[in-house]
Amino acid sequence: MVTDPGRETWQAMLKRRLPRPLLEPSRAALRGARRAVVWAHASRLAGHHATASFYCVYRRKNAKVVAPLVAQARALGWPVLLWALDEAAPSLTQWTAGTGTGSKFALCNRLLAQGPPGLDAHVIICDDDVRFHAGDLARLLAVTGAAGLDISQPSHDLHSHFSHAICVRQEGSLARLSGFVEIGPLFVVGPRARDRVIPFDERRPMGWGLEIDWSALARDGLRLGIVDATSVEHLGPVGRDYDVDEARTAMNAELGSLGLRDLADLATDGGTWWAGTRRAPWSRRGGNH
């Protein structure tokens, strides 16, 4: 039998000459390549001029975490209103509209009443223990707007304190459509959803269970999603500063009344907008379906 010398040479080269890393690209290299594509695509979307108002309830000890987010919002020309739970930090005094204890969403309602967002503005609600790992507020709003999301959140980096696996960043994705968006540590409410979400229901002082109401809005035609083009790191465990057990008991009772076991049951898969594709796959259909 005659052997193809070209083929034989190629096989020999694979076995003896090429270093193994070239034959099997590392996961880190592939991840880096995917992120480069996402970054380039998201940068092109930066021309999508969405506007927002930024609201945050903070503790003075976390002022250094909040300050960069305030700077990002101000650089974009967005209004900023803050509430200090203990005392106003000197670096944030200019934007601190009030001080004193209270529950997160009741205080957010006070801020929204004092400084209502513009007619077409998105509302950003942010905790005081979160920072961007990839991207920033501008990219989050650009992708949210381009994807037509009415309620959105940035994804979590793997090193973040997160509660739900669906919220962890998916490589190569710009955004995912889902029936689930968390109440923290940062979320965005778009103009179409504002009247149906704001003011926040103060019967859930820390917000646990609002995701159930938002999921119902997704079934009713609004779009909920996770923006993978940005990722954040939540710096502290969820519920570290309040009674988690009481909030969890109330939420679980509500889930049980709906025949659900966990918030993860709300996390429907409505599709993924992969970087490099021109538009989100759901852009030609309504809602989360």
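Keep in mind that this is a model prediction, so the values were computed, not measured.

Participant: An account of the overall build of the chain is requested, with residue identities and associated values reported.
Facilitator: A count of helical and extended segments in the chain gives 9 helices and 10 strands. Put simply, the chain has 289 residues, and 49% of those count as buried. Taking all contacts inside the chain whose residues are at least 6 apart in sequence as the whole, residues at least 24 apart take part in 80%. Carbon and sulfur atoms form 53% of the exposed surface of the chain, whose accessible area is close to 14600 Å².

Participant: With reference to specific residues and values, describe the pairing of strand β2 (residues 80-84).
Facilitator: Within β2, 5 of the 5 residues are buried, which leaves it mostly tucked inside the rest of the structure. What you see with β2 is no split at all: Val 80, Leu 82 and Ala 84 on one side and Leu 81 and Trp 83 on the other are buried throughout. In terms of strand pairing, strand β1 (residues 52-58) meets β2 through 5 bridges, oriented parallel. Its bridge partner lying in β2, Cys 56 is registered against Leu 82. The β-α-β motif built from β1, the intervening helix α4 (residues 63-75) and the parallel element β2 has right-handed crossover chirality. For β2 and strand β3 (residues 96-99), the ladder comprises 3 bridges, and the chain directions are parallel.

Participant: So what's going on with the nonpolar core? Residues and values would help.
Facilitator: Phe 54 and Ile 124 are the most contacted members of the largest nonpolar core, which has 41 residues in total. When neighbours within four sequence positions are excluded, Phe 54 is seen to be in contact with Leu 69, Val 70, Ala 73, Pro 79, Val 80, Leu 81, Leu 82, Ile 124, Cys 126 and Leu 137. By size, the runner-up hydrophobic cluster in this structure holds 34 residues, among which are Leu 210, Leu 222, Leu 224 and Met 251.

Participant: Give a detailed account of the pattern of salt bridges, specifying residues and quantitative values.
Facilitator: In total, this model carries 8 salt bridges according to the counting rule given. For Asp 127, the salt bridge identified is with Lys 104, shortest N-O distance 2.7 Å. Taken together, the positions of Asp 127 in the loop between β4 (122-126) and β5 (130-134) and Lys 104 in helix α5 (residues 104-114) put the pair 23 residues apart, joining distant regions of the chain. Among the residues examined, Lys 104 registers a relative accessible area of 13% and is labelled buried.

What counts and how
- Residues numbered from 1 in each chain as written.
- Predicted model: local features only at pLDDT ≥ 70, side-chain atom pairs only at ≥ 80, totals over all residues.
- Heavy atoms only, no water.
- Helix = DSSP H or I, 4+ residues; strand = E, 2+ residues; numbered from the N terminus.
- Buried < 20%, exposed > 50% of the residue type's maximum accessible area, 1.4 Å probe, protein only.
- Contact = heavy atoms within 4.5 Å.
- Areas by Shrake-Rupley, 256 points an atom, 1.4 Å probe, with all protein chains shown as cover.
- Pairing = 2+ DSSP bridges.
- Right-handed = clockwise from strand over helix to strand, strands pointing away.
- Core = buried A, V, L, I, M, F, W, Y, C linked by side-chain atoms within 4.5 Å.
- Salt bridge = Lys/Arg side-chain N within 4 Å of Asp/Glu carboxyl O.

By themselves, these observations are geometric and do not establish any function.
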